Amino acid sequence: MNKLSKSAQRVQDALKEHGLTLSVMELPGSTRTALEAAEAVGCQVGQIVKSLIFETQETHRPVLIVTSGANRVNKKVIGEIIEEPIKFASASFVREETGFAIGGVAPTGHKKQPLTYIDEDLLMYGEIWAAAGTPHALFKLTPEQLKQITNGKVISVL
Ligand code: 5CA
């Protein structure tokens, strides 16, 4: 097997640290968007795990919302749960807090542990696919494994 890029290897190592034998795959085509990722592995867009980074507006904490590729996160709903409004993070905030660039943010292996929430809609699938550090890397997992590696709280994001 080919050597993984540095960011993809970081995700592979994080999965191993969680005791999982899941394999990060680096694909020739782009997996930068949920649609491209779904096409690359031949699954429904809803089975793609988007790892979105938000920032709390007052305390500037990172918030990771792990959501189905079919859904758009309602920021107001999340803000009410956290009891502080949130905004979409800038590209530099994403890089600084996670160590990943936008388009490759994985649900695990972040530089700092963010506040984490999981979209309940992901739980209806038998298998799902998440980004693994780069816009060409993915790994397949189950919703149970997603809960394990993120330690996130399951919520409705809509
Ligand atoms: N690799 C794919 C599939 S897993 C992926 O990472 N998709 S994603 O949806 O999780 O990441 C892309 C997301 O980054 C977009 O949905 C968008 O919310 C966010 N994004 C894109 N451009 C910017 C930007 N300039 N600033 C902040 N966020 C951005």
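First things first, this report covers the structure right here in the doc.

1. What about the pattern of salt bridges?
For step 1, the next point in the chain: The final tally for this structure, using the stated rule, is five salt bridges.
For step 2, the next point in the chain: Linking E127 and K140 is a salt bridge whose minimum nitrogen-to-oxygen distance equals 3.8 Å. Taken together, the residues E127 in the loop between β5 (115-119) and β6 (128-131) and K140 in strand β7 (residues 137-141) connect sequence positions 13 residues apart.
For step 3, the next point in the chain: Its relative accessible area of 38% is what places K140 among the partly exposed residues.

2. Observations regarding unusual backbone geometry
Excluding glycine, most residues fall at negative phi; most peptide bonds, likewise, are trans.
For step 1, the next point in the chain: The phi dihedral of E83 falls on the positive side, at around 65°, and the residue is not glycine.
For step 2, the next point in the chain: With respect to the secondary-structure elements, E83 resides in the loop between α3 (75-82) and β4 (86-88).
For step 3, the next point in the chain: Of note, the phi angle at N151 is positive, near 55°, even though the residue is not glycine.
For step 4, the next point in the chain: Relative accessible area serves as the criterion here: at 70%, N151 is assigned to the exposed category.

3. Section: the pairing of β6
For step 1, the next point in the chain: Both faces of β6 are covered, namely the face carrying I128 and A130 and the face carrying W129 and A131.
For step 2, the next point in the chain: As paired elements, strand β2 (residues 48-56) and β6 share two bridges and run parallel to each other. For I48, the partnering residue across the bridge sits in β6 and is W129.
For step 3, the next point in the chain: Across four bridges, β6 lies against β7 in antiparallel orientation. Of the residues in β7, the one forming a bridge with A130 is F139.
For step 4, the next point in the chain: Between the end of β6 and the start of β7, which pair antiparallel, lie five residues, with G133 showing a positive phi angle near 100°.

4. A look at the site of the ligand
For step 1, the next point in the chain: Taken together, 16 residues form the shell around the ligand, and within it T31, R32, K50, A89 and G103 come nearest.
For step 2, the next point in the chain: Between the ligand and T31 there is a distance of 2.5 Å, counted from a nitrogen atom to a backbone nitrogen or oxygen.
For step 3, the next point in the chain: In the environment of the ligand, a nitrogen atom lies 3.5 Å from a nitrogen or oxygen atom belonging to the backbone of R32.
For step 4, the next point in the chain: The fraction of the free accessible surface of the ligand (600 Å²) that becomes covered by protein chains is 69%.
For step 5, the next point in the chain: Put simply, the parts of the chain that give the shell around the ligand at least two residues each are α2 (34-41) and β2.
For step 6, the next point in the chain: Counting residues per element, the shell around the ligand draws most heavily on β2, which supplies five residues.
For step 7, the next point in the chain: Looking at the shell around the ligand, its residues break down into nine nonpolar, five polar and two charged.

5. Description of the pairing of strand β3 (residues 62-68)
For step 1, the next point in the chain: Of all seven residues making up β3, seven are buried, and the element is well covered by its neighbours.
For step 2, the next point in the chain: Two elements, β2 and β3, share seven bridges in a ladder whose sense is antiparallel. Counterpart to K50 in the pairing with β3 is T67.
For step 3, the next point in the chain: Hairpin connection, β2 to β3: the antiparallel pair is bridged by five residues, and H60 has positive phi, about 55°.
For step 4, the next point in the chain: As paired strands, β3 and β5 are joined by four bridges and run parallel to one another. Pairing of V66 across the sheet is with I118, part of β5.

Parameters at a glance
- Residues numbered from 1 in each chain as written.
- Predicted model: local features only at pLDDT ≥ 70, side-chain atom pairs only at ≥ 80, totals over all residues.
- Heavy atoms only, no water.
- Salt bridge = Lys/Arg side-chain N within 4 Å of Asp/Glu carboxyl O.
- Helix = DSSP H or I, 4+ residues; strand = E, 2+ residues; numbered from the N terminus.
- Buried < 20%, exposed > 50% of the residue type's maximum accessible area, 1.4 Å probe, protein only.
- Pairing = 2+ DSSP bridges.
- Near = heavy atom within 4 Å.
- Polar contact = N/O pair within 3.5 Å; in protein donor to acceptor, adjacent residues only side chain to side chain.
- Areas by Shrake-Rupley, 256 points an atom, 1.4 Å probe, with all protein chains shown as cover.
- Nonpolar A, V, L, I, M, F, W, Y, C, P; charged D, E, K, R; others polar.

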